[in-house]
Each structure stands twice: as C-alpha cells, then as structure tokens.
Amino acid sequence: MKILLINSVLGIGSTGRIVESLYKHFTSEGHEVKVVYGRNKSDHIPASDQYCMYNKLGVAMHAGLSRVFDNTGEYSKHSTKKLLKYIDEFKPDVVNLHNLHGYYINVPMLLRYLGEHNVKCVFTLHDCWLFTGHCSYFYFNNCDGYMHGCKKCTHKNVYPKSIICSRAGKNLQLKKQLLDGIKNKSFIVPSKWLKNFAEKSILAGEKIDVVYNAIDYNIFNENAVNYFDKSKLPADKYILCVANYWNEQKGLNKVIELSKEIVMVGYLKDKSILNDNIIYIPHTDSAKELAFYYANAKVFYNPTLEDVFGMVTLESLACCTPVVLFRGCSGGEEGVVDNGNGILLNKLDCPIAIANRVININKIGIETRDKILFCQNDIFCINYEKKLVEK
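Quantities reported herein were computed from a predicted structural model and do not represent experimental measurements.

A. Just the overall build of the chain, in detail. Helix and strand counts for the chain stand at 12 helices and 13 strands. The C-alpha atoms of the chain give a radius of gyration of 21 Å, which matches the 21 Å a tight globule of 391 residues would have. A principal-axis box enclosing the C-alpha atoms of the chain has dimensions of 60 × 50 × 40 Å. Counting only residues that meet the buried cut, the chain has 55% of its 391 residues in that class. Counting only contacts in the chain whose residues sit at least 6 apart along the sequence, the fraction spanning at least 24 positions is 66%. By element, 51% of the accessible surface of the chain is carried by carbon and sulfur atoms, the whole surface being about 17400 Å². Computing the positive centroid from 48 side-chain charges and the negative centroid from 40, the chain places the two 6 Å apart.

Rendered as structure tokens:
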C-alpha cells in the first residue's frame, strides 16, 4: 500500500516524532511511504522519501497575511501546487493528515484535490484546530463557540494569532465544506477527552477513533537516570515540569506558585519571573535528554490547564516517575490512576495543598508502570496501521 504522511514538522516535537515512528513501522511492514512536512528534515528517513514544503519567504508571508486577515491555511499556493503534482505522481492509496496549521500549506487546495480524486483520508487530530474557526485550543478560555459556528470570536489573539480581522465563522464554514467534499475519510484522536469535544463539533457523526499516543521504551525507561552527568541537577530528588512553550495555559503560574525545588524545561519568553527555587533548562528536542530529567525526578508535575493528551505524561510514567496533574484539563489523566502512578488534583486547590500532595508522592515500580502504560510504540503503530488499511 502507498501511504502519504503530512505534518507541519518532522522528527521534532511530539507530532514530528509520531510521524517518524509511523514511517518506520509502515516501511518495515512493506508499505511504500512518503512524508510531507513543513520544516525540519529527519536524519532517520531517506531523503528520497521526504518532501519538504518549507520556504522561508513563503512561510513569512503566510504567517503575516494570516495575522492580518485571520485565514490561516489559505496561502502558500505556489508550494502547494507543486505538492499536488508530487501527490499525482506518487498516487497514494491513503493520506494520513496530521497538523495542517503552521503556515506551510494551502489547506483548501489540498483537501479539494483529495476529495476530487477520491483519495482515502485519515485525519489525526493533535489539537482542536480542524473543527474550530480559529484557535487550536479553547477549553482554557471556556469557549464553546465551536459548537455554534464560531460566529463571534473573542479570542483571535491566541494561536494562530490575528491582530486585525476576525473571520472565524467563515473559516469554520469553509472547513466543513472542505471536509464534506471528502467522502472516504475518518478521524483519529489521542484521547477520549478530545473525542468528546470533536463529537460536538462539525465532525459530529463522523467516524472518530481513539488511538492513544505512545512512547519509545528504548529511550524512556528507568535506566535513563544514567544517560548524562547528574552534577548539574539538584542533589536531592526534585520536582520536574516540562512544556514545549511555557505560558498561562500550560500552567506557568501554577509552577511559580509551588515554591519548591523545581527543574523546569521548555521555552520561556520572560525568565525574570522565575524565583530562586527554579532551575531553568531551555527547550530541547532531544528525547534522550528529556528521559534523563524524567528518570531522575521525584515527581513530574504537569500543571497544564488544557492539553489534548500530553506525551510528557506518558514519557514520565515510562521512566517510573509518577505524575501529578489537574483533573478534567487534559486527556493525560486517562493514563493516571489516582494514588497508583500519580495524583489528580483540583486546579482550584491552594498552592500549599498542591505542594503537599506533590512532595509526598512516591516513585512507582516497573510492574506498576507496565500495567498502566497502555500503549507501547509498536502497539500504537499497529493500531494506526489498522485504521489506515481498513475499508
């Protein structure tokens, strides 16, 4: 079978690593696979199987115009036209579409082509962008506009940010029209949490399957404690907090309020807000480095106030480090059993109460870890393959 994978990035970030894993599995099973991506080529995939959409000027124009007219995904026409010729030549049996936002591809051109050529499409949702008129997340802002046509968007300042126009209603209408034009389609989400929202949106009535994200046990495991030199880490077991980009939605304020010895990893715009209890480590794309931090921590505190699933939750558990997160704010809680391998807290709890629960949690054993981690990487890929090849 010929499989085409499409994503905004390749080999970095959670979605980039997922796509890379899928490529490796599908090719090992004898499928012919190509990967289309917005940026960051992979050193683990043959160049002949990679198609990069990145164009510095094109991305800058796409992002700039989107910020003015609030129509992310409607530019990059020239590069998308070239992509459609590439797809014409490859003639995939199925296209697995991951993140289409990211200022790299013209979504209407792509989806109309796939619909007109009756190509089987499997959409993988890593966030909510596909079924909203603007944003990729809305739970944090307590918005239910996605259920009512996004007619009056009050959050155009969130990613993908618009500083002038607001056309969320028209954007949502266009997405529905484009998706309706693809007859042979299905959807994959990484959590029941996200499925619950999707079923109330323009995707209501569509086939939506939950396939939990997975991690690579070869990297994320209890032996990661010895991957690197520990001299730069606190002598005592510490609380670890990890996010790709730290902001209020990811629980930045909750981390600062904790007032305990914390190792904090991820991109942070303003480091001056951190107190002396926090050891800050910049964002890293190294899975091995992250595993090292997880394995050496006493507990992983994930204070996110909205997250579709959160690979960080699984990665921490794989390293036998328990997780603390807020109930109802993330699909990640589907992998956490209260007081078994983690604790679920109320986001309205006072900082002192949260701190007491966090510092008193114990490391989990390998047996507990293996019972609760319900999706290893090979099982994840097999489940994905079933969804792609089923009629």
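B. Fine view of the nonpolar core. Among the nonpolar cores identified, the biggest contains 104 residues, and Leu111, Phe123 and Phe131 are the most heavily contacted of them. Broken down by element, this core gets its largest block of residues, seven residues, from helix α8 (residues 287-296). If sequence neighbours within four positions are ignored, Leu111 has contacts with Leu97, Leu100, Phe123, Leu178, Leu179 and Ile182. If you look at the next biggest cluster of nonpolar residues, it comprises 24 residues, including Trp246, Leu252, Leu258 and Tyr301.

C. A look at a nonpolar patch on the surface. Nonpolar side chains collect at one region of the surface, where Leu57, Met61, Leu65 and Phe69 lie side by side and expose about 380 Å² of accessible area between them. Locating Phe69 in the fold gives a position in helix α2 (residues 56-69).

D. Seen up close, the sheet that holds strand β12 (residues 323-326). In space, the six strands of this open sheet follow the order β10-β9-β8-β11-β12-β13, with parallel pairing throughout. A strand with exactly one partner marks an edge of an open sheet, and here the two such strands are β10 (278-281) and β13 (342-345). Across the sheet, the mean angle from the axis of one strand to that of its neighbour is 20 degrees, orientation sign disregarded. In this sheet, β12 lies alongside strand β11 (residues 299-302) in parallel orientation, the contact comprising three bridges. Counterpart to Asn302 in the pairing with β12 is Leu325. Running over the sheet, α8 touches β8 (239-245), β9 (262-267), β10 and β11 and is turned about 150 degrees from β8.

E. Representation of the packing of aromatic side chains within the structure. With the rule as written, the count across this model stands at 19 aromatic pairs. Between Phe138 and Phe197 the ring centres are 5.3 Å apart and the planes differ by 90 degrees, which places this aromatic pair in the edge-to-face class. Here Phe138 is found in the loop between β5 (120-124) and α5 (168-180), whereas its partner Phe197 is found in helix α6 (residues 192-198), with 59 residues between them in sequence. Each of the two residues, Phe138 as well as Phe197, counts as buried. Where Phe220 meets Tyr294, the ring centres are 6.1 Å apart and the plane angle is 55 degrees; that geometry is what we call tilted.

F. Region of interest: the packing of helix α4 (residues 107-116) against α5. Packing of α4 against α5 brings their axes to within 8 Å, and their N-to-C directions diverge by 25 degrees. Between α4 and α5, the interaxial angle falls into the category roughly parallel. Contacts from Pro108, Leu111 and Arg112 in α4 reach Leu174, Leu178 and Leu179 in α5. For the contact of α4 with α5, the class distribution of residues is five nonpolar, no polar and one charged.

G. Highlighting the side chain of Thr284. Tracing the backbone shows Thr284 in the loop between β10 and α8. If we skip the residues at most four places from it in the chain, Thr284 touches Val265, Glu289 and Leu290.

H. Here's a closer look at the pairing of β8. By the criterion of burial, β8 is predominantly enclosed, with five of the seven residues buried. Pairing geometry for β8 and β9, over five bridges, is parallel. Within the sheet, the bridge partner assigned to Ile239 lies in β9 and is Ile262. Between the parallel elements β8 and β9, the chain passes through helix α7 (residues 252-258) in a crossover that is right-handed.

I. Quick peek at the pattern of salt bridges. Going through the model one piece at a time under the given rule, you end up with 10 salt bridges. The residue Asp49 makes a salt bridge to Lys34 at a minimum N-O spacing of 2.9 Å. Of the two residues, Asp49 is situated in the loop between β2 (32-39) and β3 (50-52) and Lys34 in strand β2; the sequence distance between them amounts to 15 residues. With relative accessibility at 14%, the residue Asp49 sits in the buried group. For Lys34, a relative accessible area of 14% gives the class buried. Among the charged side chains, a network of salt bridges with common partners joins Lys207, Asp209, Lys387 and Glu390.

What counts as what
Residues numbered from 1 in each chain as written. Predicted model: local features only at pLDDT ≥ 70, side-chain atom pairs only at ≥ 80, totals over all residues. Heavy atoms only, no water. Helix = DSSP H or I, 4+ residues; strand = E, 2+ residues; numbered from the N terminus. Rg over C-alpha atoms; globule rule 2.2 N^0.38 Å. Buried < 20%, exposed > 50% of the residue type's maximum accessible area, 1.4 Å probe, protein only. Contact = heavy atoms within 4.5 Å. Areas by Shrake-Rupley, 256 points an atom, 1.4 Å probe, with all protein chains shown as cover. Lys, Arg positive; Asp, Glu negative; His and termini not counted. Charge placed at Lys NZ, Arg CZ, Asp CG, Glu CD. Core = buried A, V, L, I, M, F, W, Y, C linked by side-chain atoms within 4.5 Å. Patch = residues over 30% accessible without salt bridge, like charges linked within 9 Å, V, L, I, M, F, W, Y side chains within 5 Å. Salt bridge = Lys/Arg side-chain N within 4 Å of Asp/Glu carboxyl O. Pairing = 2+ DSSP bridges. Axes fitted to C-alpha atoms, helices over the stretch in contact; angles between N-to-C directions. Phe/Tyr/Trp six-rings, centres within 6.5 Å; stacked < 30°, edge-to-face > 60°. Parallel < 35°, antiparallel > 145°, perpendicular 65-115°, else oblique. Nonpolar A, V, L, I, M, F, W, Y, C, P; charged D, E, K, R; others polar. Right-handed = clockwise from strand over helix to strand, strands pointing away.

Honestly, that's just the spatial picture; any functional story needs more than this.
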